[in-house]
Structures are given as structure tokens and as C-alpha cells.
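So the chains spell out like this:
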Amino acid sequence: MCFEVKERDLGGRIGALRTRRGVLETPTLMPVVNPVKNTIRPAELKDDFGLELIITNAYIILKHYGREARDVHEITGFDGTIMTDSGAYQLLIYGGIDTTPEEIVRFQERIRSDIGVILDVPTGGFATKQEAEHTVKETIRRAKESISWREDDTMLWAGPVQGGRYLDLLEFCARAMGELDFQIHPLGSPTQIMEEYDYATLVDMIATAKRALPPERPLHLFGAGHPMMLSLAVALGCDLFDSAAYALFAKDGRYMTQSGTMRVDELEELPCSCPICAKRDAEDFAEVTKEEREGLLARHNLYVVVEELRSIRESIREGTLWEHVESRCRTHPKLYCGLKRLLDYREYLELNDPLVNRVVRGLFFYDEVSMSRPEVYRYKERIASRYSRPKGKDILLLVPMPEEKPFTKSKICNSVKEFFRDREDVHVCFYGDPFGVVPSELSETFPLSQFESAIGLGKAWRESAEAFISTKGYKKVFILGQELKGAKMINSLEELKRVLDPLGSA
Ligand SMILES: [Zn+2]
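Computed from a predicted model, the values in this text were never measured in an experiment.

**Concerning the overall build of the protein chain**
Move 1: Looking only at helices and strands, one finds 21 helices and 20 strands in the protein chain.
Move 2: Across its three principal axes, the protein chain shows a C-alpha extent of roughly 100 × 55 × 40 Å.
Move 3: The burial tally for the protein chain puts 58% of its 506 residues in the buried class.
Move 4: Long-range contacts, defined as pairs at least 24 residues apart, comprise 70% of the intrachain contacts of the protein chain with a sequence gap of at least 6.
Move 5: When the 68 positive and 80 negative side-chain charges of the protein chain are each reduced to one mean point, those points stand 5 Å apart.

Encoded structure:
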């Protein structure tokens, strides 16, 4: 097994990918390196940016250096792990290439690539369903065939998943590829979808592929390299990213930040303190040659991406990936649509999310989107399906969730205990968002007393509370301060005492 998952949060994971050049920590970025000419030398990527993995293009090497090309590590001057792409992208853009699936597989072995990619047929973002179907069938056919051409079993092979926005085809392709002998699966064709900022569709594509592929194989999202969207993709289970964006944006005078892109010539101040920006003012970018500016911008952009990935990995370790994704997704409405779409896959997230993160931290709730995080979903699901009220507690008293935590130490809870200390049958539960109904005996368990919320009482709790009342078989139900179906509203504990007293003396 070349991939080991070390830690998880949501669908995201910290993994160790073993290649013949060493072990790499994921999620990580592979900068796209041109085998012929680069803004940043590949050796610098390792020495200055700490990147151990790059991706370059075997087809361009074949065209430029011919069939007798040397070791790809020599050509690029990079002694870390190198993945080579096969030319499928050129096929997508230019419509045809001058090699065969067999030649390019054998060629990648020849140039000592550490991770090879078969020559698949990209679906692209604009294919009709019929065209997409053809790309899927042909990709699977080539994938099967390619296995017999391999000779070097120390090399890893990537089997791309095609189908694009046609999720049924994508799922079919993922299942078929998952059954074949590949170690990594790139998700093909998201570039055009990302260029349209269609993050909701991207979420559908990633989630569909992930659910159909073997979980122990890393997923590589082709062509995704903007820092603002990386955490969303990681939360769905993407482990590898390749990107030329840092260099392409630099060429175009664009300055990346964690929350978006700016034009460097419109900046008055540099909102970054990477090694490039720390020593410069915004005007310095205008005073250098175009080529120098491109080099500076490419380095800055890459520092921003690297920093974001470090921060994402740390969020996974801390169990705060949800908060990380939420804050990034609020930087653009289309990303926010992606976050909302993520909620359609909460069951999948819930399955992957560890029950307890290693470091127990409080959860933050801002609005109804935060309320869909797996911890809430899991809690509500368990209360509905597994919880039964304690024996003898026949009278349910619902009181609003207090601000104080744990709830059992709150003023309201103390008053209830005081009022009904001679009664064994009153069961106190707390109502309110985000958790709906919290029985007092559970209120000290994680995360019920470790959260901060800006929602207040909210509205969603009503549905949970009504379901709770109708399924848990209480003889009488009272609720303090709210109208609720199935419960009698009381305005004070004194009122309840008056109502209950005749019962108590009976
Ligand atoms: Zn910078």
C-alpha cells in the first residue's frame, strides 16, 4: 500500500504517499513544471518552497527531446518525486497529439518518472453527453490495456476519472478505474468548470468520484491551484493538487491571496509578508522589468498556495477544517454555493469524519450553514434513532438552551432542580439551535457543552423537538416559553409546579 491515512477531519485527510523517492505528506501541491523553460527553477521549488513533488509533461519531453530523452529528474534538475502527465491535456486543447497510448506509457517508464499517467481522453467542460460517454469508454479501455505495457513495478500509476459534469458517467468511470491496478486517481476535466467558478458542480464531481473510488487511494484534482478553493476540495477528500495557476496568474500581473486575486498594479500596499513581499512595496512591482515582475509574482503566488496548504493540514490535525472551509467559502458567493452543495453530502462527510478529533476543540456556529456540520448531523441522527429517555422520567420539561455551559450548571437548570427536587419523574431537556434537543444527562458530553453560537435560539430546533416528543413516549410534555406542537406551554416554573402538584399528591 503506497498511501496511508494518518488523520482525518470531514472528508479530508492527512496522508503519507510513498513513492520510490520517499514519503510525501498530503494534501499537497505539485507545481506544474515546463520541462523546457520555467519562471521558477524546479530546484528552487524544493529548496525555497519545501515542495517535494512536481508534475511535468511527458508528451512535451517526448516532442522536445525525442524518444531517447534522459531521466526526467536530470532534464528538470529536480531530485524529488516527479509525476508526469501524458499529453491528454494537449489532446483536450489542441484536439490531437502525435503519440500513442502505448508509446507514452513506455516513454514515462523510460524517463524514470515516479508517477505516470495513462493517455486518457479528457471529457472537458463542454462535451455533450454522447461525447462524454465516448471519453469514458475510451479512457477505461486504454486504462485496462495500459496495465500490460508496464514493466517497472516501482513506479506508481494514475488512472484518471472522466465523465465531467455527467455524474452518472463519472461514477461509472470511477468504479471501473477503482477496480483496476492504479495507485492514484486524478479527477479529470474540472478546469473549465473551475474557470466558470461553478464550484457547486465541482463539489458534485468530487463527491461522486470519491464515493465510487477505493478510499485508500489518493484523489488528485487536476488543475486546481487557487488557494481560496483548496480547503473545500480537501474537505471532500482531495489529496493532491497540481497547478500552473501561480505562474499563469503571474504572467498576467495577478497577485493571489487566500481570499481572491488582485491586480498587482492596483495595489497600494502588499497584504502579505512572504519573503518576496516582506522586502518590497507595491510600487517596487512597477519599477522592475516585466520578466522580473513575473518572477516575483510567481514566487509570491506560490508562497500563498503553500501557506494555505500548511494551514489546511494543521486544521485537519486540530479538527477545525470545517471552520477553515467556511471562512474561505465566504470570500466569494460562488464558493459559498459550493459550500452549500457540500451539505448535500453530509452523510458522506459524517461517515469519514472521526468521532472525536484528537484535540477536543469547541465548535463555532455562525448561521444555518454552520449548523449542517457533521457533528450536528450525527448528534441529531443519534438522538432520533438510538436515544431512549431514562426509566421513570415520564414528564418531559423542555427549557431553552442556556448561555452557560455545561447546561447542567446553568441558572435555569439549578432552578429546575430546586423546584422539582422531590420529583423523580421530571426529565429536563434543553431546546434550541444548533443541536435541537439536548437531554440534561448528555449535556456535558462533547460537543454539547463545547460550542459557541451566534444563532441564538434559532428555528431548526422545532422540527427536532416535535420529533423527539412524538417518538420518546413521555406521558406529559411541557415547554418553557414557546408554543410547540405536542407540548403544553408554561411561562414559569411556578406555573408548572402548580400544574404538577395535583399530580404529585395524587
Ligand atoms: Zn507575498
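**Quick look at the coordination of the zinc ion**
Move 1: Binding of the zinc ion to the protein goes through Cys272 (SG), Cys274 (SG), Cys277 (SG) and His300 (ND1), at separations of 2.1 to 2.3 Å.
Move 2: What the four donor atoms of the zinc ion show is an angle range of 100 to 119° at the metal, which sorts the shape as tetrahedral.
Move 3: Spacing between the donor residues of the zinc ion along the chain follows C-x1-C-x2-C-x22-H.

**A few points about the pattern of salt bridges**
Move 1: For the structure on display, the rule yields 41 salt bridges.
Move 2: For Glu25, the salt bridge is made with Arg317, and the minimal N-O distance between the two is 3.2 Å. In this pair, Glu25 sits in strand S3 (residues 22-26) while Arg317 sits in helix H14 (residues 290-318), placing the two residues 292 residues apart along the sequence.
Move 3: A salt bridge links Glu323 to Arg373; its shortest N-O distance comes to 2.9 Å. Of this pair, Glu323 sits in helix H15 (residues 321-329) while Arg373 is found in the loop between strand S14 (363-365) and helix H18 (374-386), placing the two residues 50 residues apart along the sequence. The pair formed by Glu323 and Arg373 is uniform in burial state, with each residue classed as buried.
Move 4: Linked through salt bridges whose partners overlap, the residues forming this network are Arg20, Arg21, Arg112, Asp114 and Asp152.

**Some points on the state of the cysteines**
Move 1: Tallied over the entire structure, the rule returns zero disulfides.
Move 2: Free of any disulfide, Cys238 has its nearest neighbouring cysteine sulfur in Cys329, separated by 13 Å.
Move 3: In this structure Cys238 comes out as buried when scored by relative accessible area, which is 1%.
Move 4: Lacking any disulfide linkage, Cys329 is separated from the closest cysteine sulfur, that of Cys337, by 10.0 Å.
Move 5: Looking at Cys329, the relative accessible area reads 0%, which means it is buried.

**Some words on a negative patch on the surface**
Move 1: Together, Glu268, Glu269, Asp281, Glu283 and Glu287 line one region of the surface with negative charge.
Move 2: Here Glu268 lies in the loop between strand S13 (260-263) and helix H12 (275-278).

**Looking at the pairing of strand S1 (residues 3-9)**
Move 1: Sheet topology places S1 next to strand S2 (residues 12-19); six bridges connect them, and they run antiparallel. When the bridges of S2 are listed, Glu7 appears paired with Ile14.
Move 2: Following S1, the chain reverses through two residues before pairing antiparallel with S2; Leu10 in that reversal takes a positive phi of roughly 50°.

**Regarding the pairing of strand S17 (residues 436-439)**
Move 1: Here four bridges tie strand S16 (residues 426-432) to S17, and the two strands are oriented antiparallel to one another. Across the sheet, the residue bridging to Gly432 is Gly436, located in S17.
Move 2: Between S16 and S17, which pair antiparallel one after the other, the connecting turn spans three residues.

**Some remarks on a nonpolar patch on the surface**
Move 1: Judged by side-chain polarity, Tyr89, Ile93 and Tyr94 come together as a nonpolar surface patch covering roughly 370 Å² of accessible area.
Move 2: Inspection of the secondary structure assignment puts Tyr94 in helix H4 (residues 88-94).

**Some remarks on the sheet that holds S1**
Move 1: The sheet built from three strands is open, its strands ordered S1-S2-S3 with antiparallel pairing. On the outer flanks of this sheet lie S1 and S3, each paired with one strand and no other. Across the sheet, the mean angle from the axis of one strand to that of its neighbour is 15°, orientation sign disregarded.
Move 2: As judged from the five bridges shared by S2 and S3, these two strands associate in the antiparallel manner.

**What about the side chain of Asn57?**
Move 1: Mapped onto the secondary structure, Asn57 falls in strand S5 (residues 53-57).
Move 2: The class for Asn57 is buried, based on a relative accessible area of 9%.
Move 3: Within the structure, Asn57 has its side chain in polar contact with the backbone nitrogen of Tyr59 (distance 2.8 Å).
Move 4: One polar contact links the side chain of Asn57 to the main-chain amide nitrogen of Ile60, over a distance of 3.1 Å.
Move 5: Ignoring sequence-local partners within four residues, the contact set of Asn57 consists of Val33, Pro35, Asp85, Gly87 and Gln90.

**As for the environment of Gly66**
Move 1: Along the chain, Gly66 falls in the loop between helix H2 (58-65) and helix H3 (72-76).
Move 2: Taking the relative accessible area as the measure of exposure, Gly66 reaches 22% and is therefore partly exposed.
Move 3: Sequence spacing of Gly66 and Ile118 is 52 residues, and the spatial spacing of their C-alpha atoms is 19 Å.
Move 4: Apart from residues no more than four positions distant in its own chain, Gly66 is found in contact with Ile61 and Phe107.

**A word on the sheet that holds S17**
In any sheet, the strands associate via hydrogen bonds between backbone groups, in a parallel or an antiparallel arrangement.
Move 1: Pairing in this open sheet of five strands is mixed, and the strands run S17-S16-S15-S19-S20 from one edge to the other. Each edge of the open sheet carries a strand with a single partner, namely S17 and strand S20 (488-490). Sheet twist, expressed as the mean angle between neighbouring strand axes with direction ignored, is 30°.
Move 2: Running at roughly 55° to S17, helix H20 (residues 461-471) makes contact with strand S15 (395-400), S16, S17 and strand S19 (476-480) of the sheet.

**As for the packing of aromatic side chains**
Centre distance and the angle of the planes are the two values used to describe a pair of aromatic rings.
Move 1: For the structure shown, the criterion picks out 13 aromatic pairs.
Move 2: Centroid distance Phe365 to Phe435: 5.9 Å. Interplanar angle 85°. Geometry classified as edge-to-face. With a gap of 70 residues between them, Phe365 in strand S14 and Phe435 in the loop between S16 and S17 connect regions that are remote in the sequence. Accessibility assignment for this pair places Phe365 and Phe435 in one class, buried.
Move 3: Through pairs of rings, three or more aromatic residues link up here, namely Phe365, Tyr379, Phe407, Phe430, Phe435 and Phe451.
Move 4: A cation sits over an aromatic face here: Arg389 above Tyr474, 5.0 Å from the ring centre.

Basis of the calculations
- Residues numbered from 1 in each chain as written.
- Predicted model: local features only at pLDDT ≥ 70, side-chain atom pairs only at ≥ 80, totals over all residues.
- Heavy atoms only, no water.
- Helix = DSSP H or I, 4+ residues; strand = E, 2+ residues; numbered from the N terminus.
- Buried < 20%, exposed > 50% of the residue type's maximum accessible area, 1.4 Å probe, protein only.
- Contact = heavy atoms within 4.5 Å.
- Lys, Arg positive; Asp, Glu negative; His and termini not counted.
- Charge placed at Lys NZ, Arg CZ, Asp CG, Glu CD.
- Donors = N, O, S within 2.8 Å, 3.2 Å for Na, K, Ca; no water.
- Tetrahedral: all angles 85-135°; square planar, octahedral: opposite > 155°, others 65-115°.
- Salt bridge = Lys/Arg side-chain N within 4 Å of Asp/Glu carboxyl O.
- Disulfide = S-S within 2.5 Å.
- Patch = residues over 30% accessible without salt bridge, like charges linked within 9 Å, V, L, I, M, F, W, Y side chains within 5 Å.
- Areas by Shrake-Rupley, 256 points an atom, 1.4 Å probe, with all protein chains shown as cover.
- Pairing = 2+ DSSP bridges.
- Axes fitted to C-alpha atoms, helices over the stretch in contact; angles between N-to-C directions.
- Polar contact = N/O pair within 3.5 Å; in protein donor to acceptor, adjacent residues only side chain to side chain.
- Phe/Tyr/Trp six-rings, centres within 6.5 Å; stacked < 30°, edge-to-face > 60°.
- Lys NZ or Arg CZ within 6 Å of the ring centre and 35° of its normal.

Note that every value here comes from positions in space, so none of it alone points to a role or purpose.
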